[in-house]
Amino acid sequence: MPEHTALVFKTSANPNPLPEASRLAAFQDLGFGTLFSDHMAVVRWSAETGWHSAEITARGPFAIDPASAVLHYGQEIFEGMKAYRAADGQAVLFRPEENAKRFNASARRMAMPELPTDVFIAAVEQLVTMDAKWIPGGDGSLYIRPFMFANEVFLGVRPSREYIFCVIASPVGPYFKGGEKAVSIWVSEQYTRAAKGGTGEAKCGGNYAGSLAAQAEATEHGCAQVIYLDAAERKWIEELGGMNVFFVMEDGSLVTPPLGTILPGITRNAVITLAKAAGLTVHERPYSFDEMKADTASGKLREAFACGTAAVIAGIGTVKFNGGELVISGGQTGAVTRDLRSRLVGIQRGQIADGYGWVHPIAGI
Ligand code: PLP
Ligand code: COI
């Protein structure tokens, strides 16, 4: 039996829970990631002991030594997932095993220890159970952020010999301020996100630190997100700063950039499955920005949308770039996008039967 199955989470309730949880139903606009639940899950790793000291405890700061490895070389990875209050009142997760798997793929890429899937899921389930009153009703959800960082006190450049895995949770509303309105996207021609052999496929903090200058440029141009082109030719559309991207063509088919240098989105994967089940053809193929411009002009490109855990599925209405602007679907969220969104959200929230085994109920809450 592997050592980790013996890990038991020691639980201590927060003696000073925040009053906000009791008012969640009244929060019309929760926004994203500013309010946090009362507890956190923590598991520690050391080269000598492996994973140990699992606990669910009051959410609070870590004491970090100034020489802690993460502060210097950024050895950090994270995940993003959500708990929903389903139509029948059950608390559910969406495909948490996929997050656990991707977390370990990121860990391997960043030379960090892998966390057994059962420990990852137990940490999430036990935190959500403890903080169940923080799952908002209505269209809200409890955004869950598992992460791991290097915590050895050491300045040499080599993998740390100590890590902390932690899970925190935040009740959220829509990721984009305009709610379900189509968003504007900025094409970054100066900055790239990932090169072949780089860390684009991993969910590591450094990828997001590197995206912030481009994101600031997008904000200056009135755009909500950046769309990145490939690093080698600056030609092929890759993904957004925090979402994958799909294009809907006039023949009803979908085009989405292939995996390789992009994050393999769990929403992307679900969209491909749902689109195929709805009879649409999906092409995972390189799609150039030039092709996109030509297809917008000719009317061949009908809709575009971004997808990810935080954003769910968001229509892209405008694409801005140095020297121009493309308007897609009259600047609105298109019909195919809306249909895929309602299929996905319906399954996630238990309003539509889940024929895929994606919905993961948390027993007892
Ligand atoms: N691409 C990037 C860069 C992301 O940060 C995310 C969000 O996690 C995604 C894509 C979408 O991934 P998922 O659908 O698993 O949330
Ligand atoms: C997510 O969708 O979970 C992400 O991590 C992306 C980020 C933009 C919040």
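What counts, and where the lines are drawn
Residues numbered from 1 in each chain as written. Chains lettered and ligands numbered in written order. Predicted model: local features only at pLDDT ≥ 70, side-chain atom pairs only at ≥ 80, totals over all residues. Heavy atoms only, no water. Near = heavy atom within 4 Å. Polar contact = N/O pair within 3.5 Å; in protein donor to acceptor, adjacent residues only side chain to side chain. Areas by Shrake-Rupley, 256 points an atom, 1.4 Å probe, with all protein chains shown as cover. Nonpolar A, V, L, I, M, F, W, Y, C, P; charged D, E, K, R; others polar. Domains from an automatic or database assignment. Core = buried A, V, L, I, M, F, W, Y, C linked by side-chain atoms within 4.5 Å. Buried < 20%, exposed > 50% of the residue type's maximum accessible area, 1.4 Å probe, protein only. Helix = DSSP H or I, 4+ residues; strand = E, 2+ residues; numbered from the N terminus. Contact = heavy atoms within 4.5 Å. Patch = residues over 30% accessible without salt bridge, like charges linked within 9 Å, V, L, I, M, F, W, Y side chains within 5 Å. Salt bridge = Lys/Arg side-chain N within 4 Å of Asp/Glu carboxyl O. Buried area = accessible area lost by both parts, 1.4 Å probe. Pairing = 2+ DSSP bridges. Axes fitted to C-alpha atoms, helices over the stretch in contact; angles between N-to-C directions. Parallel < 35°, antiparallel > 145°, perpendicular 65-115°, else oblique. Left-handed = near helix turned anticlockwise from the far one by under 90°.

1. Side note on the site of ligand 2
Line of reasoning, step 1. Ligand 2 sits among Phe78, Gly80, Tyr143, Arg145, Tyr175, Lys203, Gly242, Thr309 and Ala310.
Line of reasoning, step 2. Arg145 is positioned with one of its side-chain polar atoms (N or O) 3.5 Å from an oxygen atom of ligand 2.
Line of reasoning, step 3. When ligand 2 sits alone it has 280 Å² of accessible area, and the protein chains cover 89% of it.
Line of reasoning, step 4. Across the shell around ligand 2, the residue classes tally to four nonpolar, three polar and two charged.
Line of reasoning, step 5. For the shell around ligand 2, the domains that each give at least three residues are domain 1 (10-172) and domain 2 (183-348).

2. Description of the nonpolar core
Line of reasoning, step 1. Phe120, Met148 and Phe165 are the most contacted members of the largest nonpolar core, which has 43 residues in total.
Line of reasoning, step 2. Broken down by secondary-structure element, the contributors of at least two residues to this core are β2 (39-46), β3 (50-58), β5 (81-85), β6 (91-94), α2 (96-109), α3 (117-130), β7 (141-150) and β8 (162-172).
Line of reasoning, step 3. Top contributing element to this core by residue count: α3, with seven residues.
Line of reasoning, step 4. Apart from the residues lying within four places of it in its own chain, the contact partners of Phe165 are Ala41, Val42, Val43, Trp51, Phe103, Leu115, Phe120, Ala123, Pro146, Phe147 and Met148.
Line of reasoning, step 5. Within the second largest apolar cluster, 26 residues are counted, among which are Ile227, Phe247, Ala304 and Ile328.

3. Notes on a nonpolar patch on the surface
Line of reasoning, step 1. Together, Tyr73, Leu155 and Val157 make up a nonpolar patch on the protein surface, roughly 330 Å² of accessible area in all.
Line of reasoning, step 2. Here Tyr73 is to be found in helix α1 (residues 70-73).

4. Points about the site of ligand 1
Line of reasoning, step 1. Neighbouring residues of ligand 1: 17 residues in total, closest Arg102, Tyr208, Glu239, Thr267 and Thr309.
Line of reasoning, step 2. Residue Arg102 places a side-chain N or O atom 2.7 Å away from an oxygen atom belonging to ligand 1.
Line of reasoning, step 3. Taking Glu239, its side chain carries an N or O atom lying 2.6 Å from a nitrogen atom of ligand 1.
Line of reasoning, step 4. Its free accessible area being 380 Å², ligand 1 has 96% of it covered by the protein chains.
Line of reasoning, step 5. Contributing elements (two or more residues each) for the shell around ligand 1: β11 (237-240), α6 (266-277) and β15 (301-308).
Line of reasoning, step 6. Here the residues of the shell around ligand 1 sort into six nonpolar, seven polar and four charged.

5. Observations regarding the domain arrangement of the protein chain
Line of reasoning, step 1. Under the domain assignment used here, the protein chain contains domain 1 (10-172) and domain 2 (183-348).
Line of reasoning, step 2. Placing a centre on the C-alpha atoms of domain 1 and another on those of domain 2 gives a separation of 27 Å.
Line of reasoning, step 3. On the domain 2 side, the residues contacting the 19 residues of domain 1 number 19 residues.
Line of reasoning, step 4. Summing both partners gives a buried area of about 1600 Å² for domain 1 against domain 2, and 61% of it is carried by carbon and sulfur.
Line of reasoning, step 5. Looking at the side of domain 1 facing domain 2, the largest losses of area belong to Phe78, Phe94 and Arg102, adding up to 37% of the total buried there.
Line of reasoning, step 6. Counting across the interface, domain 1 meets domain 2 through zero salt bridges.
Line of reasoning, step 7. Counting every contact that joins domain 1 to domain 2 gives 10 residue pairs in polar contact (both at pLDDT 80 or more).
Line of reasoning, step 8. Listed by contribution, the elements that provide at least two residues to the side of domain 1 that touches domain 2 are β4 (76-78), β5, β6 and α2.
Line of reasoning, step 9. Take the side of domain 1 that touches domain 2: its biggest share by element is five residues, from α2.
Line of reasoning, step 10. Among the residues making up the side of domain 1 that touches domain 2, the classes are represented as nine nonpolar, three polar and seven charged.

6. Notes on unusual backbone geometry
Line of reasoning, step 1. Not every positive phi belongs to a glycine, and Ser53 is a case in point at roughly 55°.
Line of reasoning, step 2. Here Ser53 shows up in strand β3.
Line of reasoning, step 3. Relative accessible area serves as the criterion here: at 44%, Ser53 is assigned to the partly exposed category.
Line of reasoning, step 4. Phi angles above zero are rare outside glycine, and Arg234 is one such case at about 55°.
Line of reasoning, step 5. Mapped onto the fold, Arg234 is located in the loop between β10 (225-229) and β11.
Line of reasoning, step 6. On the basis of relative accessible area, Arg234 is assigned to the partly exposed category, the value being 41%.

7. Quick look at the pairing of β8
Line of reasoning, step 1. β8 sits mainly inside the fold: 10 of its 11 residues count as buried.
Line of reasoning, step 2. Note: β2 against β8, six bridges, orientation antiparallel. The residue of β8 that forms the bridge with Trp45 is Tyr163.
Line of reasoning, step 3. In this structure, β7 lies alongside β8, joined through 10 bridges in antiparallel fashion. Considered in β8, the bridge of Arg145 is made with Ile168.

8. Things to note about the packing of α2 against α3
Line of reasoning, step 1. Two elements in contact, α2 and α3, have axes whose closest approach is 9 Å; the angle formed by their N-to-C orientations is 125°. The angle between α2 and α3 places the two elements in the oblique class. Read as a crossing pair, α2 and α3 show a hand that is right-handed. Contact residues: α2 offers Pro96, Glu97, Asn99, Ala100 and Phe103, while α3 offers Thr117, Phe120 and Ile121.

9. Digging into the environment of Met112
Line of reasoning, step 1. Along the chain, Met112 falls in the loop between α2 and α3.
Line of reasoning, step 2. Ignoring any residue separated from it by four or fewer positions in sequence, one finds Met112 in contact with Gln75, Glu76, Ile77, Ala107, Met148, Phe149, Ala150 and Tyr163.

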